[in-house]
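# Structural overview
Residues per chain, in single letters:
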Amino acid sequence: MRRDRLIRSIALHALMLPLALLFLAPIAWMLIAATLPNAEILAAPPTLLPGTHLAENWRDLNDDLNFVRVMANSIGISVIFTSVATLIAAMSGYAFAKFRFVGRGVLFTVVIAALTIPFEVRAIPQYLLVARDMGLANTWWAIILPWIAYPLGVFFMRQNMLSVPSDLLEAARIDGAGELRIFAQIVLPIMRPALAAVAIVLFLFQWNDYFWPLLILSQKDAYTIPVALGTLVGLTRVSWGGIMVGTAIATLPFLVLFLWLQRYFIAGITAGAVKD
Amino acid sequence: MTPDPAPRRRPWRRRATPYLFLTPFFALFAIFWVYPIAYSFVLSFLNTRQRPWTLDWDFNWGRLIQDEYFWNALGNTMLILVVQVPIMLAFATLLAVAFSSDLLKFKGFFRFAFFAPLVLGAVPYSAVFRLIFNEQYGVLNYALTAIGLPSVSWLYESTPALVTIMIAMTWRWTGYNAVILLSGLQSIPATLYEAAKIDGATGVQRFFLITIPMLRPVLLFTFVLSTIGTLQLFTEPWLITTTGPGNATETLVTYLYQQGFRSFNFGYASAIAYSVAIIAAIFSILQIRLVGGREVER
Amino acid sequence: MHRVALTLLALLTATAVSAQTLTVWVWDINKPALESTVESFQEMHPGVDVVVEDLGNQNVYDRGLAGCAAGGLDMPDVYLVENNEAQVFWAQFPDCFVDLTTLGADELRPMFPDFKWAELTVGDAIHAVPYDSGPTAIFYRRDLYEQAGIDPADIETWNDFIDAGTQMNEAFDGNVKMGAIGKGSDDEWFRMLANQAGCFYFDQAATEITITQPGCVQAMETMKNVWDASTLHPAGWSEQIQFLQNDAQASSFFGSWYSGTLIANMPEEQAGEWGVYLTPALEEGGVRASNLGGSALAIPASSDNPELAYDFITNALADEENQREILFEYGLTPSLLSLQDDPALEQGVEFFGGQAIWEDILGTLGDVPAVAGTQYFQEAREVMIVTVNDYLDGEYASAEAALDAAADQIAASTGLPIAD
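Bear in mind the structure is a predicted one, so any value in this text is a computation, not a measurement.

Across its full length, chain B carries 12 helices and two strands. Tracing chain B from N to C terminus, the helices and strands come up as α-β-β-α-α-α-α-α-α-α-α-α-α-α. For 298 residues, the compact-globule estimate of 2.2 N^0.38 gives 19 Å, and chain B exceeds it by more than 25% at 24 Å. Its C-alpha atoms give chain B principal-axis dimensions of about 80 × 75 × 30 Å. Here chain B holds 298 residues, and the buried ones make up 50% of them. Across chain B, contacts joining residues at least 24 apart in sequence account for 67% of those joining residues at least 6 apart.

The structure is reproduced here in structure tokens:
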């Protein structure tokens, strides 16, 4: 019986390990390419060991763009967006999960339906609104504002808020606590894991978003990382090494963060999925 | 089951509370979702090919029905949906079962390996895949020829280009779905498996008789999510194959982008956008009916 | 006169003016090219900063659209536009760019050829000033041709090109191709060959779709013959650069501006190994000239300094000395008529093995049939990219069948009739 288990366990690992390595291979290759000169990135046979060109590639990247400034934009935008959007999603999720009110079903259906509308439907009118009517082109707010109402966040938060014990809320109300206080001092603290999970999802979304920032940002100093990398591909002198350094910078923090906060990442993804 | 007992004290404030909590969200939602979506709807009935724009009810919608390129884009999108999504979900289910098995050690490492693709942004990931799938100098063809297989023109022939897109999507999203399915597996009571074991059911039988039926709602959820994602597919064909060769990897949304932002035809682009929305809406109704319905009423 | 006035004004309000900045949106090699003119511009307007930004070709167009759609918002002071794409802007957003005649552009008219103006003017209004042209040529690697035993002087027609390609394949076991085509990603080959045959998507006045005319059919067939002989890599813009860098491609068929791309991208070992020969003819004794691309500079109506922007443009584009430098340093072919017989053109170019390539290339300009991109350029191009790809893949019985299908599709998207 035990031997049988051992054999099956070994077989499972023999299957999973190559698969796992296959999935990691593109990322590993990206990190290697970041250290190679341009000519070696695309050459037959391919170079599979790290080179010594990392510093040059970084210089290439920084020559074309002020990449430090670009990173500052990405971090600033993502942090502000994530904090505000998470709070607003939590408020709405709480209302949907813990209150009965006229219009709840309709409003929630509207939020879910919004999930299915491709962004491109909104792109043109939204551009006119944000750029022309609000005059916000090339600012952080142009990127942050349109996405703060983030339906997926509301959906996730509602699913999680369902688990807040109603008795607890009722007890607080009987003690005379105001609704805002209940939310801030009881609901938010017990929801901390869910908040972290949703925050991670929102942060990842904003950090990687490409299409909208591409439309609304035209000044180099306002670029976010994806926009900056995207423009590099279109330049005459295509510096793949530089692009790979940029992608590594855009990606590595999350790989490290993921190893560290795996639990929350996974909770964020599953938050909406299984409460049946 | 009511979430709250009937309000007694401060009934007015109690009744207003949920609306106050919802106000910030719906204020922004009205400005940045409802208004642009409605405006686009109007646009889809305008002839925007030339200035000034004029109202012409079936100008764009009539063209849509007859437009071979639209049908090609729809066909490609559906093909990816029908082929890639089931393969990915089957793969994700098996992965989830493996993750939940106590035979597997180093679970953290394996989760990391399959989930890591998700943290890569669209632009970095596409740049990397373009290089890997490069016909002459890509690592992939190098590996294929090293084990005696022929090299493939991944980006410049129709079928391989579609396959490239599907491989890329599978690489990026399998781990994500596996994680969702894993949480579904964990909510299946262990007693079910124990009872089946006592009855002498084999592992395969247990998988098909317990795991799959119990996982059905979650599977359906991942299916709906993937369907909506696929209907909105843009990044991969846009950046990896540049919708080519020709329009072999054109999708509904890349076609929309071409019409709106390359040809300046906002009206037609809006009509395409709404056709995507209509198809997606059908799936979201399914979702609410089949998965969310019971819950919303809880 | 206004220049003097402006200079005076500049002196009087020194502090305010010192903060003045002109922003210029360009792509690729145009950045260093236009930057080379800044110094002479600043002699005219001391204290004015010029920022030339390379946004990439597609981005400049996409953002120009977005900016104009928003009513001229967030646009630069000087905007670089492809000639072929220019008419979309004038038609869709007539108020987005300054009518340059209000700044004195009428005096520029005789300085540039009429065919360059065709796409840049609407009635009496001038919306942009011609910058470079794109007379086509074949750029080739002397060493690779020599190793394969090919003499470029023998390549007079596309059939000769195919024969040379076969010879190239034999010499290098198919590892080095004669050229590359952006199959499925662009239709440049079709446009270059069709232009050679005097055919284009539309007629000059954009009233009819002319893509089913005999010249276009001939272009399609020629292209397919070249492709079927396995002489070309299928490769997009950046793949092609990689092939060239890796000695896997012996020549490139493009507009003259590609010389700048080569100089900027090729490894040092290749310097001096390059050469140029004229575009092969479609038939014995046929035209050996065509045009691909070329661009112009415009001033968005939202610019705070249209006069300064205009001075920047005239200084860069209508000044012989600056244009000569742009040509020799950056490989961009001037449209300025007075430079067409410039003795300096006889000068050899080091990168091209001392060949006087500009004399050769510019000599063909007079033979280029004029076309207008029209406001429907992008629609037609998207359709032709697909049609060319499918035709090369053998999905149509004939070139006529392919072009008929393309014409129907273009008619559906533009509403124009198909010419008989």
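A few words on the overall build of chain C. From N to C terminus, chain C includes 18 helices and 12 strands. Computed over C-alpha atoms, the radius of gyration of chain C comes to 22 Å, within 12% of the 22 Å expected from 2.2 N^0.38 for 420 residues, which places it in the range of a compact globule. The C-alpha extent of chain C, read off along each of the three principal axes, is 70 × 50 × 30 Å. Burial analysis of chain C (420 residues in total) assigns 56% to the buried set. Across chain C, every contact between residues at least 6 apart in sequence was considered, and the portion connecting residues at least 24 apart equals 77%.

With that out of the way, let us pick up unusual backbone geometry. Residue and element names in this part refer to chain B. Residue Phe106 is not a glycine yet carries a positive backbone phi of 50 degrees. As for its position among the elements, Phe106 is in the loop between α3 (68-100) and α4 (107-115). Its 13 C-beta neighbours within 10 Å are what place Phe106 among the partly exposed residues. Of note in this structure, Thr242 is not a glycine but carries a positive phi near 45 degrees. Examined against the element boundaries, Thr242 turns out to sit in the loop between α10 (235-240) and α11 (252-262). Classification of Thr242 as buried rests on a count of 21 C-beta atoms within 10 Å.

Judged by nonpolar contacts, the single largest core of 312 residues is most densely connected at Tyr127(A), Val198(A), Ile216(A), Ile272(B) and Leu297(C). It is helix α4 (residues 67-98) of chain A that contributes the most residues to this core, 13 residues altogether. Looking at which domains feed residues into this core, each of domain 1 (2-134 + 293-346) and domain 2 (135-291 + 355-414) of chain C supplies at least three. Each residue touching Leu297(C), except ones within four places of it in the same chain, is listed here: Val78(C), Leu80(C), Ala128(C), Val129(C), Tyr131(C), Ile313(C) and Leu317(C).

With that settled, the discussion passes to the interface of chain C and chain B. In this complex, chain C contributes 23 residues to the contact, which on the side of chain B involves 22 residues. Put simply, the parts of the chain that give the side of chain C that touches chain B at least two residues each are α5 (57-69), α6 (83-92), α12 (237-245), α17 (377-392) and α18 (399-414) of chain C. Split by residue class, the side of chain C that touches chain B holds seven nonpolar, 10 polar and six charged.

So, about the pairing of strand β2 (residues 49-54) of chain C. Residue and element names in this part refer to chain C. Burial of the side chains of β2 is restricted to one face: Val50, Val52 and Asp54 are buried, whereas none of Asp49, Val51 and Glu53 on the reverse face is. Relative to β2, strand β1 (residues 21-26) runs parallel, the two sharing six bridges. Bridging from a neighbouring strand, Val26 pairs with Asp54 of β2.

Before going further, it helps to examine the pairing of strand β11 (residues 291-298) of chain C. Residues and elements named next belong to chain C. Counting buried residues in β11 gives eight out of eight residues, a clear majority hidden from the surface. Direction of pairing for strand β3 (residues 78-82) relative to β11: antiparallel, over a ladder of four bridges. Across the sheet, the residue bridging to Tyr79 is Ala298, located in β11. Sheet topology note: the strand β6 (residues 128-141)/β11 ladder contains five bridges and is antiparallel. Within the sheet, the bridge partner assigned to Ser133 lies in β11 and is Gly294.

All right, on to the environment of Tyr145(C) then. Residues and elements named next belong to chain C. Summarising the element assignment, Tyr145 is placed in helix α8 (residues 142-147). Put simply, Tyr145 and Ser259 are 114 residues apart on the chain and 18 Å apart in space, counted from C-alpha to C-alpha. Among residues more than four places away in sequence, those in contact with Tyr145 are Tyr140, Ile150, Pro152 and Ala250.

On to the interface of chain A and chain B. At the interface, 78 residues of chain A touch 78 residues of chain B. The element contributing the most residues to the side of chain A that touches chain B is helix α14 (residues 240-270) of chain A, with 13 residues. A per-class count over the side of chain A that touches chain B returns 55 nonpolar, 13 polar and 10 charged.

Moving on to the packing of helix α10 (residues 188-196) of chain C against helix α11 (residues 214-228) of chain C. Residues and elements named next belong to chain C. Following both chains from N to C, one finds α10 and α11 inclined at 130 degrees, their axes separated by 8 Å at the closest point. In this view, α10 runs oblique relative to α11, as classed from their interaxial angle. In this structure, α10 crosses over α11, and the sense of that crossing is right-handed. Between α10 and α11, the residues in contact are Trp189, Phe190, Leu193 and Ala194 and Gly215, Cys216, Ala219, Met220, Thr222 and Met223, respectively. Grouping the constituent residues of the contact of α10 with α11 by class yields eight nonpolar, two polar and no charged.

To continue, consider the environment of Thr314(C). Residue and element names in this part refer to chain C. If you trace the backbone, Thr314 turns up in helix α14 (residues 306-317). The class of Thr314 is buried, set by 23 C-beta atoms lying within 10 Å. Residues Thr314 and Leu297, 17 residues apart in the sequence, show an inter-C-alpha distance of 9.6 Å.

This part covers helix α9 (residues 158-171) of chain C. Residue and element names in this part refer to chain C. For α9, spanning 14 residues, the distance from its first C-alpha to its last is 20 Å, which sits close to the expected 20 Å at 1.5 Å a residue. Regarding α9, the residues found buried are Trp158, Phe161, Ile162, Ala164, Gly165 and Met168. The buried residues of α9 occupy an angular sector of 165 degrees when the element is viewed end-on, so they sit on one face. Check the buried side of α9 and you find it contacts α11.

Parameters and conventions
Residues numbered from 1 in each chain as written. Chains lettered and ligands numbered in written order. Predicted model: local features only at pLDDT ≥ 70, side-chain atom pairs only at ≥ 80, totals over all residues. Helix = DSSP H or I, 4+ residues; strand = E, 2+ residues; numbered from the N terminus. Rg over C-alpha atoms; globule rule 2.2 N^0.38 Å. Buried ≥ 20, exposed ≤ 12 C-beta atoms within 10 Å, placed from the backbone. Contact = placed C-beta atoms within 7 Å. Core = buried A, V, L, I, M, F, W, Y, C linked by C-beta atoms within 7 Å. Domains from an automatic or database assignment. Nonpolar A, V, L, I, M, F, W, Y, C, P; charged D, E, K, R; others polar. Pairing = 2+ DSSP bridges. Axes fitted to C-alpha atoms, helices over the stretch in contact; angles between N-to-C directions. Parallel < 35°, antiparallel > 145°, perpendicular 65-115°, else oblique. Left-handed = near helix turned anticlockwise from the far one by under 90°. Expected span 1.5 Å × (residues − 1). Arc of directions from axis to C-beta.

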